[in-house]
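Letter by letter, the chains look like this.
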Amino acid sequence: MTDDSIFPADFFWGAATSAYQIEGSPLADGAGPSIWHRFSHTPGRTHSGDTGDTACDHYRRYEMDIALMQRLGLNAYRFSISWSRVLPEGRGRLNAQGLNFYERLVDGLLRRGIEPFVTLYHWDLPLALDELGGWLNRDIAHWFADYAQLLYRALGDRVRLWTTLNEPWVAVAEGYLSGLHAPGHASLAEAPRATHNFLRAHGLAVQAYRAEGRGQIGLVVNLEPKYPVSAKPEDQEAAARAHAYMNRQYLDPVFFGAHPRRMREIFGAHWPEFADADMRLIRQPIDFLGVNYYTRSVVRHDPAIVPTYAGSVRQSGSRYTEMGWEVYPQGLIDTLLWLCNRYGTIPLYITENGAAFADPPITDGRVHDPLRVDYLHRHLRAVREAQRQGVDVRGYFAWSLLDNFEWSYGYGKRFGLIHVDFTTQRRIFKDSARFYREVIQARGAVLGQQGSADSPA
Ligand code: IFM
């Protein structure tokens, strides 16, 4: 008898992090500052004035962290490269010591049988490039492709899986529209231009990879299904707008070579015409798609929410994380099925999934985090269910390996499977890490068989 809950033998069991959130030492060994360095050092921008100056001190403790990954049983690790560590001014002069850090990291992972899964951009733009206009300057597509090419050449003999951008939607919505993230702009006119340049940069970097890459390249997007709160036309329309804005804004151009028509409805006169040649550049075939999934949104028309006029309705009876995100594993299945229906059967990775909960105090050297265990359990079951329904999901990366710097929330939100004491840098496996290890060892058999992904573990 076959056990239906068993994941394929070549499934990637991973965890994810990003450079600014864990590395610390942002200016060490010749590195240049990033926009997040400036932003977090600007009073009032982050919770308690927290910065990534030390974070998890991973830059100096990476060997210990690789050993923890091995203890966890991971066979893949998703991390990002700090552009300004490698190119302090974002272009031109190489900082060999910065590049060497990533070479040592990759070699250390491979020695322990862990597949490196590299993200080229996870929000930490070199400050020098921001001073030239950053994502608003069309030249950034070339700066990014040159940086990407340098890394393909340096690491391409060892890294087989690459992604260009992490969550460009968040980078624009928070960095150029709400101003809650670096570079801290709040402009309806800038957001569409930044979006378009992110997409052009992605397209050029994929093109550069095709010229010499030996592995696979994709893009990572954050997706969140939008369900209308009622059958009223205005709520249905609001949900459709929110869906186009968050879920289709980056994927339609990449897969179809066109921005969704609703973008003009959302941004009005601020949404420019984009050249056909740009759209052709953006529509590069990719080898896989990375999906970051955390929650869903139940949507109603809300004139106060700019630019979509779509607000979220809190669901009584649901559990919410410390980020205020509803725990809703069925949304992951719905999202994956929607992706396959709309864009075809491309290989998929769940490149982030996880939850911030207020962990209880450490007792007997243990961190008991039953809510995170339950979250993981139900979402992993959802992944398996999606596979059973025919979706080609090839790997799962828990967010995050370690508690870390949660952007404007600073160290106030903990997503880690591994607890980090930010004073001593001591790491402790939470119960969720132990649970994940068991799941990996059993290839999912411990998740339980059938049933709705929504029934609590
Ligand atoms: O911490 C972030 C990560 O950098 C990008 N995706 C969502 C995570 C949780 O907010």
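Computed from a predicted structure; not experimentally measured. (Residues numbered from 1 in each chain as written. Predicted model: local features only at pLDDT ≥ 70, side-chain atom pairs only at ≥ 80, totals over all residues. Heavy atoms only, no water.)

Caption draft 1: Geometry of the overall build of the protein chain. Regarding its fold elements, the protein chain presents 16 helices and 13 strands. The C-alpha extent of the protein chain, read off along each of the three principal axes, is 60 × 55 × 45 Å. Sorting the 457 residues of the protein chain into buried and exposed places 62% on the buried side. Contacts in the protein chain between residues far apart in sequence, at least 24 positions, make up 77% of those at least 6 positions apart. (Helix = DSSP H or I, 4+ residues; strand = E, 2+ residues; numbered from the N terminus. Buried < 20%, exposed > 50% of the residue type's maximum accessible area, 1.4 Å probe, protein only. Contact = heavy atoms within 4.5 Å.)

Caption draft 2: Spatial organisation of the packing of helix α8 (residues 168-178) against helix α9 (residues 190-212). Two numbers describe how α8 lies on α9: the axes approach to 9 Å, and their chain directions differ by 150 degrees. Classified by the interaxial angle, the pair formed by α8 and α9 is roughly antiparallel. Note that α8 runs across α9; the crossing there is right-handed. Note on element contacts: α9 touches α8 through Glu190, Ala191, Ala194, Thr195 and Phe198, opposite Pro168, Ala171, Val172, Tyr176 and Leu177. When the residues that make up the contact of α8 with α9 are grouped by side-chain class, the tally is eight nonpolar, one polar and one charged. (Axes fitted to C-alpha atoms, helices over the stretch in contact; angles between N-to-C directions. Parallel < 35°, antiparallel > 145°, perpendicular 65-115°, else oblique. Left-handed = near helix turned anticlockwise from the far one by under 90°. Nonpolar A, V, L, I, M, F, W, Y, C, P; charged D, E, K, R; others polar.)

Caption draft 3: Quick look at the sheet that holds strand β9 (residues 310-312). Taken in spatial order, the three strands of this open sheet run β6-β8-β9, and their pairing is mixed. Both outer strands of the open sheet, β6 (226-228) and β9, are each paired with one neighbouring strand and no more. Strand-to-strand twist across the sheet, computed as the mean angle between neighbouring axes with direction ignored, equals 45 degrees. With three bridges joining them, β6 and strand β8 (residues 297-301) adopt parallel strand pairing. Bridging from a neighbouring strand, Pro228 pairs with Val299 of β8. Relative to the sheet, helix α10 (residues 233-248) contacts β6, β8 and β9, its axis offset from that of β8 by approximately 125 degrees. (Pairing = 2+ DSSP bridges.)

Caption draft 4: Up close: the packing of aromatic side chains. Scanning all chains against the criterion turns up 46 aromatic pairs. Between Trp36 and Phe39 the ring centres are 5.0 Å apart and the planes differ by 70 degrees, which places this aromatic pair in the edge-to-face class. With a gap of three residues between them, Trp36 and Phe39 both fall in helix α2 (residues 35-40), about one helical turn apart. Accessibility assignment for this pair places Trp36 and Phe39 in one class, buried. The rings of Tyr20, Trp36, Phe39, Trp123, Phe405, Trp407, Tyr411 and Phe422 are connected pair by pair, giving a single aromatic cluster. The ring of Phe429 carries Arg71 above its face, with NZ or CZ at 4.0 Å from the centroid. Taking the ring centre of Tyr328 as reference, the NZ or CZ of Arg296 above it sits at 3.7 Å. (Phe/Tyr/Trp six-rings, centres within 6.5 Å; stacked < 30°, edge-to-face > 60°. Lys NZ or Arg CZ within 6 Å of the ring centre and 35° of its normal.)

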